[in-house]
Amino acid sequence: MMLVMQLMKSAVRHAGSRPRCGVERLIGSSSRQFSASGRTHPSSCTDADHPKILITGGLGQLGVGLAKLLRRRFGKNNVILSDIRKPPNDVYLNGPFIFSDILDYKNLREIVVNNNISWLVHYSAVLSAVGESNVALAKEVNITGLHNILDIATEHGLRVFVPSTIGAFGPSSPKDPTPDLCVQRPRTIYGVSKVHAELMGEYYHHRYGLDFRCLRYPGIISADSQPGGGTTDYAVQIFHAAAKTGCFECNLRSDTRLPMMYIDDCLRATLEILEAPADTLISRTYNINAMSFTPHNLTQEIQKVLPDLKVTYNVDPVRQAIADGWPMALEDSAARRDWGWKHEYDLPELVQTMLTHINTGNQVAQAY
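Nothing here was measured: the structure is a model prediction, and the numbers come from that model.

Colleague: Just checking my understanding: could you explain the pattern of salt bridges for this structure?
Modeller: Pairing between side chains of opposite charge can happen when their charged atoms approach one another. Taken as a whole, this structure holds 20 salt bridges when the rule is applied. Through salt bridges with shared partners, a single network forms among Arg159, Asp211, Arg213 and Arg284.

Colleague: Can you walk me through the packing of aromatic side chains in this structure?
Modeller: Two aromatic rings, taken as a pair, are described by how far apart their centres are and by the angle between their planes. The tally for this structure, following the rule as stated, stands at nine aromatic pairs. A centroid spacing of 6.4 Å and a plane angle of 40° characterise the contact between Trp339 and Trp341, whose relative ring orientation is tilted. Pair check on accessibility: Trp339 and Trp341 agree, each one buried. The rings of Tyr203, Tyr204 and Tyr208 are connected pair by pair, giving a single aromatic cluster.

Colleague: What's the story with the sheet that holds strand 10 (residues 219-221) in this structure? I'm lost.
Modeller: Strand pairing within a sheet occurs via backbone hydrogen bonds; the two strands may be parallel or antiparallel. Strand order in the open sheet made by the three strands is 10-12-14, with mixed pairing throughout. Only two strands of the sheet have a single partner each, and these edge strands are strand 10 and strand 14 (291-293). The average angle at which neighbouring strand axes cross in this sheet is 45°, direction not considered. Sheet topology note: the strand 12 (residues 258-262)/strand 14 ladder contains three bridges and is antiparallel. Paired with Leu258 across the bridge in strand 14 is Phe293. The strands touched by helix 8 (residues 234-244) within the sheet are strand 10, strand 12 and strand 14, with strand 10 carrying the most contacts at an inclination of about 25°.

Colleague: Before we go on, may I ask you to explain the nonpolar core in this structure?
Modeller: Soluble globular proteins: nonpolar side chains tend toward being buried together. With 71 residues, the main nonpolar core has Ile55, Phe239, Phe293, Leu298, Ile302 and Trp339 as its most contacted residues. Ignoring any residue separated from it by four or fewer positions in sequence, one finds Ile55 in contact with Gly63, Leu66, Ala67, Leu70, Val79, Ile80, Leu81, Ser82, Val121 and Tyr123. Formed by 27 residues, the second largest nonpolar core is a distinct cluster that contains Val126, Leu146, Leu158 and Ile189.

Colleague: I keep staring at the environment of Pro179 and nothing clicks. Help me out?
Modeller: With respect to the secondary-structure elements, Pro179 resides in the loop between strand 8 (164-165) and helix 7 (189-208). It is 7.2 Å that separates the C-alpha atoms of Pro179 and Asp332, two residues lying 153 residues apart in sequence. If sequence neighbours within four positions are ignored, Pro179 has contacts with Phe169, Pro174, Asn287 and Glu331.

Definitions and cut-offs
- Residues numbered from 1 in each chain as written.
- Predicted model: local features only at pLDDT ≥ 70, side-chain atom pairs only at ≥ 80, totals over all residues.
- Heavy atoms only, no water.
- Salt bridge = Lys/Arg side-chain N within 4 Å of Asp/Glu carboxyl O.
- Phe/Tyr/Trp six-rings, centres within 6.5 Å; stacked < 30°, edge-to-face > 60°.
- Buried < 20%, exposed > 50% of the residue type's maximum accessible area, 1.4 Å probe, protein only.
- Pairing = 2+ DSSP bridges.
- Helix = DSSP H or I, 4+ residues; strand = E, 2+ residues; numbered from the N terminus.
- Axes fitted to C-alpha atoms, helices over the stretch in contact; angles between N-to-C directions.
- Contact = heavy atoms within 4.5 Å.
- Core = buried A, V, L, I, M, F, W, Y, C linked by side-chain atoms within 4.5 Å.

So, in structure tokens, the structure goes:
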């Protein structure tokens with residue numbers, strides 16, 4: 001209990017500013033038909049209007065948390081979470097949830113029309129390590145699914161957010177730090193699909209006027225959701241192991257330095273880029289950065305609170321090869337300049353917050 005009370009002393013997070021409506025509409029509504037000029041045209045909505053938001057892939061690491069943030073901002077019924085899996089009961093109770101398969105173009109189009117969607121957050125994806133074990137699935141979900149999203153968003157004048165990743169860079173990219181614009185050439189299907197998403201989104205923006213927005217996420221760390229098959233999963237798993245058993249086996253080398261971010265910073269950045277006035281966005285794809293550390297750095301910081309933690313290393317050659325091709329840090333001055341991005345969590349705050357959440361959750365579970 002003393003540990004929990006000490007860790008509960010954390011800063012209160014803040015939300016961003018009120019949204020500005022930048023939704024655009026197409027002339028005509030036939031399937032996959034765009035205006036004759038190739039451009040969309042502004043709608044007459046006002047700044048006071050709340051957007052109607054659809055989140056695809058909503059049961060992954062980020063979707064449920066983003067839905068909570070957006071519902072606090074725009075109202076419970078204005079944010080629809082979707083996935084192809086049945087959600088836990090608490091997800092049903094917290095707001096609208098529907099089945100949505102991004103590979104079913106007709107169904108996805110009907111959802112957008114029937115629910116008057118104006119913003120679309122596209123979280124459906126097969127992540128890095130899983131993608132390498134099932135390339136066909138990764139191509140279908142990450143590329144074909146993206147095409148459906150972009151076509152429907154363009155047809156109906158949506159504002160669309162598609163996350164990218166540090167995995168969009170490759171071994172020939174500058175590593176420390178990695179700038180927004182540089183050689184990318186990733187060597188995983190996940191990374192290739194994310195470069196494709198960045199370029200297709202920017203093409204649709206320039207060709208058709210699609211309000212496309214994209215952030216390159218670092219590794220995201222959260223206590224509330226389980227890792228989803230990414231190379232940076234160790235940085236979540238180690239906290240659960242530290243709290244439950246005091247032992248952890250890491251599948252990356254101890255000196256593997258990667259950019260990381262606490263989920264609250266990630267979700268706030270996503271809200272801020274969604275709300276940013278279009279005329280402030282010099283680019284449509286931005287790096288965002290918070291901290292960079294190695295497994296050894298993270299272990300040392302956790303041991304300041306849990307000194308008995310024991311960490312061993314059993315390197316997974318597939319994940320290590322992926323990590324070796326990724327940035328050590330992201331250069332994000334453009335995001336800080338253009339729309340005021342600023343992270344709040346560094347490594348000490350991350351460790352305190354994660355252990356607080358996990359220990360509090362364990363105590364609640366033991367009480368039942």
